[in-house]
Amino acid sequence: MAQTVASGHRDILLQTDHSWNGVPYTHYPTTQPELTMIRLTIPAHSALPWHKHPFPNAVYVLEGALTITDRESGKSHVYHAGEAFGESVDDVHHGQAGDTQTVLLITYAGTPGVPTSVPVKGQLPEY
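What you see is a predicted model, and the numbers here were worked out from it, not measured in a lab.

### Thoughts on the overall build of the chain
At step 1: Along the chain, the regular secondary structure elements total 0 helices and 9 strands.
At step 2: Reading the chain from its N end, one meets helices and strands in the order β-β-β-β-β-β-β-β-β.
At step 3: Over its C-alpha atoms, taken along the principal directions, the chain stretches across nearly 60 × 40 × 25 Å.
At step 4: Counting every position in the chain, which comprises 127 residues, the buried fraction comes to 33%.
At step 5: Put simply, the chain shows about 8,000 Å² of open surface, and 54% of that area lies on carbon and sulfur atoms.
At step 6: The distance from the centre of the 6 positive side-chain charges to the centre of the 12 negative ones in the chain is 5 Å.

So, in structure tokens, the structure goes:
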């Protein structure tokens, strides 16, 4: 049993009101909240299918690097191990691993019964 009472050290990895591509988050669903956290592994030299998310989520890169690209604008950004970002809501995008596998920790702020990722018509699911 612990003998000392002490406060923990906090490192804020991400605190944002907009997604990585600059689009503001406007609202949360009005139904019961449901948090989902997944660990997603993307093989080296692989791109995920085009998809979108119906609600905000936060991504932390555990390993490797991820290039995320917005389909409509073509805007992209590379995130490396130790970096975090907010994903876009209702914007079609995909992520791509580099020369090594990429491992992500993703936390979704969703609602029961609603999928965390929605594939674009004709595309495979993201996971």
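### Structural notes on the packing of aromatic side chains
At step 1: Using the criterion set out here, one finds 1 aromatic pair in the structure.
At step 2: Relative to Phe 85, the ring of Tyr 79 lies with its centre 4.2 Å away and its plane at 20 degrees, an arrangement referred to as stacked.
At step 3: Of note, Arg 71 hangs over the ring of Trp 50, and the distance from its end group to the ring centre comes to 5.9 Å.

Definitions and limits used
- Residues numbered from 1 in each chain as written.
- Predicted model: local features only at pLDDT ≥ 70, side-chain atom pairs only at ≥ 80, totals over all residues.
- Heavy atoms only, no water.
- Helix = DSSP H or I, 4+ residues; strand = E, 2+ residues; numbered from the N terminus.
- Buried < 20%, exposed > 50% of the residue type's maximum accessible area, 1.4 Å probe, protein only.
- Areas by Shrake-Rupley, 256 points an atom, 1.4 Å probe, with all protein chains shown as cover.
- Lys, Arg positive; Asp, Glu negative; His and termini not counted.
- Charge placed at Lys NZ, Arg CZ, Asp CG, Glu CD.
- Phe/Tyr/Trp six-rings, centres within 6.5 Å; stacked < 30°, edge-to-face > 60°.
- Lys NZ or Arg CZ within 6 Å of the ring centre and 35° of its normal.

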